[in-house]
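# Observations on the model geometry
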Amino acid sequence: MDYKKAGVDIEAGYKSVELMKKYVKETMRPEVMGGLGGFSGAFSLSAIKDMENPVLLSGTDGCGTKVKLAFLMDKHDTIGIDAVAMCVNDVACAGGEPLFFLDYIACGKNIPEKIATIVKGVAEGCKQSGAALIGGETAEHPGLMPEDEYDLAGFAVGVVDAKDLITGENIKPGDTLIGIASSGVHSNGFSLVRKVFEMTKESLDTYYDELGTTLGEALIAPTRIYVKALKAIKEAGVTVHGCSHITGGGFQENIPRMLPEGVRAVVKKDSYEIPAIFKLLQKTGNIAEDMMYNTYNMGLGMVLAVDPADVDKTMAAIASAGDKAYIVGTCEAGEKGVTLC
């Protein structure tokens, strides 16, 4: 008896590392010390020493049951973007710059080519956010999960000068709410998605005119990364009063997280066009509107609160980063929370 016969192939692990190295290399920053394969990832903080009061920010998350879609479609090159996005968007939401990322892949069987493809997506997410992929772990779990399945998670570390930290405490009545468009369902609510739509290859390969693509391609579209947009806003000289990353819990849970006591967000549902995938999901599953807004991003991946005088500069900055923005509401005096009207 040996480890391979027990279900863990060490040689496959070595091959996975070799195959992924070229993708990891593309994410490197000058601060990264050493190479891939060490016991820890080293990152120099010399570049932030000139900050008045540097604050480290961190975020950790996974892709949830969206990975089931990757299994069914046998498409593994974008799910890594989701894992990065869910973490770096939280860091950016606080005004931070993502510095580095580490991933964790648990699999039933290490198939080197599949693992490398997953990491290729992780590396792409890191490139989009400017974070270095400085380490990770691939754990083979025979007997714990099916051989053709895996789970993917990770964490990001970023930095912000304390004076630039976005806390929401500066939000005041009269502030304008700006929403930045999402790329679709992102990485939340897929347990409900998988109950609404039949999860078969035939169903996922079905083309819908209103989607302009197949159901599977619409659902697996990777989570939008907003690091560049928020950086552009900062470079435009705009002080963001509050920022909310619209993830699990939708509008109802996430928008109030940025609000101080005594301020209520009022979002106008007709201020932008809700993407077709959400309309199809709601209609097919006969889901109540309140539940949709309490589960999904409904087309807005980030919601910002800014001074009305800064709206034009904010909208222009977001556009310059390649994102689409909408003026979606205002902040009013009242009980902390959100009103959808």
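One structure accompanies this document, and this report is about it. As a convention, each chain's residues are numbered from 1 in the sequence order in which they are written. Residues qualify for local features only when their pLDDT is at least 70, as the model is predicted, and side-chain atom pairs are given and counted only at 80 or more; totals for whole chains, interfaces and linings, by contrast, use all residues. Excluded from the side-chain calculation are hydrogens and water; included are all heavy atoms of the structure.

The next point concerns the sheet that holds strand β13 (residues 325-333). At least two bridges found by DSSP between two strands is the condition for calling them paired. Note on conventions: DSSP H or I runs of at least 4 residues are helices, E runs of at least 2 residues are strands, and numbering of each starts at the N terminus. Taken in spatial order, the six strands of this open sheet run β10-β12-β7-β13-β11-β14, and their pairing is mixed. At either end of the open sheet lies a strand with only one pairing partner, and these are β10 (242-245) and β14 (337-340). Pairs of neighbouring strands in the sheet enclose a mean axial angle of 25 degrees, with direction left out of account. Bridging between β10 and strand β12 (residues 300-306) involves four bridges; their strand directions are antiparallel. Counterpart to S244 in the pairing with β12 is V303. Working rule for contacts: check all heavy atoms of both residues, and any pair within 4.5 Å makes them a contact. Angles here are taken between N-to-C directions and fall from 0 to 180 degrees, while the axes themselves are lines fitted to C-alpha atoms, restricted in helices to the stretch in contact. Set on the sheet, helix α3 (residues 79-93) makes contact with β10 and β12; between it and β10 the angle comes to about 170 degrees.

What follows concerns the sheet that holds strand β3 (residues 54-62). With mixed pairing, four strands are arranged side by side in an open sheet as β3-β6-β4-β5. Both outer strands of the open sheet, β3 and β5 (132-140), are each paired with one neighbouring strand and no more. The mean inter-strand angle of the sheet, taken between neighbouring strand axes irrespective of direction, is 15 degrees. Pairing between β3 and strand β6 (residues 150-161): nine bridges, direction antiparallel. Bridge pairing links L56 to V159 in β6. α3 contacts β3, β4 (97-107) and β6 of the sheet and is inclined by roughly 30 degrees relative to β6.

Moving on to the pattern of salt bridges. By convention in these notes, a salt bridge is any Lys or Arg side-chain nitrogen within 4 Å of a carboxyl oxygen on Asp or Glu. A complete count under the given rule lists 19 salt bridges for this structure. Across the pair E26 and K127 runs a salt bridge whose closest N-O atoms are separated by 3.0 Å. Residue E26 is located in the loop between α1 (10-25) and β1 (32-33), and its partner K127 is located in helix α4 (residues 112-129); the two are separated by 101 residues in the primary sequence. As a salt-bridge pair, K269 and E289 come within 2.8 Å of each other at their nearest N and O atoms. Of the two residues, K269 is situated in the loop between β11 (263-267) and α10 (276-285) and E289 in helix α11 (residues 289-293); the sequence distance between them amounts to 20 residues. Its relative accessible area of 25% is what places K269 among the partly exposed residues. Between buried and exposed lies partly exposed: a residue is buried under 20% and exposed over 50% of the maximum accessible area for its type, with that area taken using a 1.4 Å probe on protein chains only. Its relative accessible area of 38% is what places E289 among the partly exposed residues.

Okay, the state of the cysteines next. Only a pair of cysteine sulfur atoms within 2.5 Å counts as a disulfide in this structure description. Here the structure, examined in full by the defined rule, presents zero disulfides. Take C93: it sits in no disulfide, and the sulfur closest to it among the cysteines is that of C243, at 3.4 Å. Looking at the unpaired C126, the closest cysteine sulfur is the one in C87, lying at 9.6 Å.

A word on the environment of C87. Residue position: C87 is located in helix α3. Taking the C-alpha atoms as reference, C87 lies 8.7 Å from V157; in sequence the two are 70 residues apart. Contact partners of C87, with chain neighbours within four places excluded, come to G59, T60, D61, F101, G154, F155 and A156.

Of all five residues in β11, four are buried, a share of seventy percent or more. Pairing of β11 with β13, which is carried by five bridges, proceeds in the antiparallel orientation. Within the sheet, the bridge partner assigned to R264 lies in β13 and is E332. Two elements, β11 and β14, share four bridges in a ladder whose sense is parallel. Each residue of the ladder has a partner; that of V267, found in β14, is L340.

Once that is clear, we can look at the side chain of D323. Mapping D323 onto the fold places it in the loop between α12 (311-320) and β13. Overall, the relative accessible area of 10% leaves D323 in the buried class. For this analysis, a polar contact is any N or O atom pair within 3.5 Å, provided that within protein one partner can donate a hydrogen and the other can accept it, and provided that sequence-adjacent residues contribute only side-chain to side-chain pairs. At a separation of 2.7 Å, a polar atom in the side chain of D323 contacts the side chain of R224.

Here we come to the packing of aromatic side chains. Aromatic rings from Phe, Tyr and Trp, with only the six-membered ring used for Trp, were paired whenever their centres fell within 6.5 Å, and each pair was classed as stacked if the ring planes differed by under 30 degrees, edge-to-face if by over 60, and tilted otherwise. In total, this model carries five aromatic pairs according to the counting rule given. Between F71 and Y150, the ring centres sit 5.0 Å apart and the planes meet at 75 degrees, which makes this aromatic pair edge-to-face. With F71 in helix α2 (residues 66-73) and Y150 in strand β6, this pair connects stretches of sequence that are 79 residues apart. Y150 matches F71 in its accessibility class, with the two residues each being buried.

A few words now on the nonpolar core. Ranked by size, the top nonpolar core spans 92 residues in total, and within it Y150, L177, F197, L219, F251, I255 and M298 carry the most contacts. Membership of the second largest hydrophobic core comes to nine residues, among which are F43, I48, L99 and F100. Take the buried Ala, Val, Leu, Ile, Met, Phe, Trp, Tyr and Cys residues and link them wherever side-chain atoms come within 4.5 Å; each set so joined is a nonpolar core.

Where α1 meets α4, the axes come as close as 8 Å, and the angle between the chain directions of the two elements is 30 degrees. If you check the angle between α1 and α4, you find them roughly parallel. Our pair here, α1 against α4, has a crossing hand that is right-handed. For the pair α1 and α4, contact is made by A12, K15, S16, L19, M20, Y23 and V24 and by P112, E113, I115, A116, V119, K120 and A123, respectively. Charged residues are taken to be Asp, Glu, Lys and Arg, nonpolar residues to be Ala, Val, Leu, Ile, Met, Phe, Trp, Tyr, Cys and Pro, and polar residues to be all remaining types, Gly included. Residues of the contact of α1 with α4, tallied by class, amount to ten nonpolar, one polar and three charged. Working rule for angles: under 35 degrees goes down as roughly parallel, over 145 as roughly antiparallel, 65 to 115 as roughly perpendicular, anything else as oblique. For any helix crossing, the convention is left-handed if the near helix is rotated counterclockwise from the far helix by under a right angle, and right-handed if that rotation is clockwise.

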